[in-house]
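# A structural walkthrough
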Amino acid sequence: MGIMVEKDEQSSLLTERITADLRERAQRNSAQDEMDVEDSAMLENTQKSSRAGWFWITLVVLALISLGIIFFIK
């Protein structure tokens, strides 16, 4: 069983409007992407965090868990 859809003037106008809106958004997004590429020069002298960064994050999480356990037991 299927639904019979009658294509009329209003639905085609709506489809055209939606299509035009999507094209406009795609053009704006592509323009924004081009601007982001120019800003990548700021990131030239930066580096990713080393493995020590993960160590500090893990250490802080473990400390918070242990503090939570200490206060929960009291």
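Described in the following lines is the structure provided in the data block.

Reading guide: rules and limits
- Residues numbered from 1 in each chain as written.
- Predicted model: local features only at pLDDT ≥ 70, side-chain atom pairs only at ≥ 80, totals over all residues.
- Heavy atoms only, no water.
- Helix = DSSP H or I, 4+ residues; strand = E, 2+ residues; numbered from the N terminus.
- Buried < 20%, exposed > 50% of the residue type's maximum accessible area, 1.4 Å probe, protein only.
- Areas by Shrake-Rupley, 256 points an atom, 1.4 Å probe, with all protein chains shown as cover.
- Salt bridge = Lys/Arg side-chain N within 4 Å of Asp/Glu carboxyl O.

Moving on, we come to the overall build of the protein chain. Each helix and strand in the protein chain was counted, giving two helices and zero strands. Counting the 74 residues in the protein chain, one finds 0% classified as buried. Total accessible area computed for the protein chain in this model is approximately 7900 Å², and 62% of it derives from carbon and sulfur atoms.

To continue, consider the pattern of salt bridges. Taken as a whole and judged by the stated rule, the model has two salt bridges. One salt bridge in this structure joins R25 and D21, with 3.4 Å as the shortest N-O distance. Remark: D21 and R25 occur in helix α1 (residues 9-38); sequence separation between them is four residues, near one turn of the helix. The partner of R28 in a salt bridge is E24, and the shortest N-O contact between them spans 3.4 Å. Remark: E24 and R28 occur in helix α1; sequence separation between them is four residues, near one turn of the helix.

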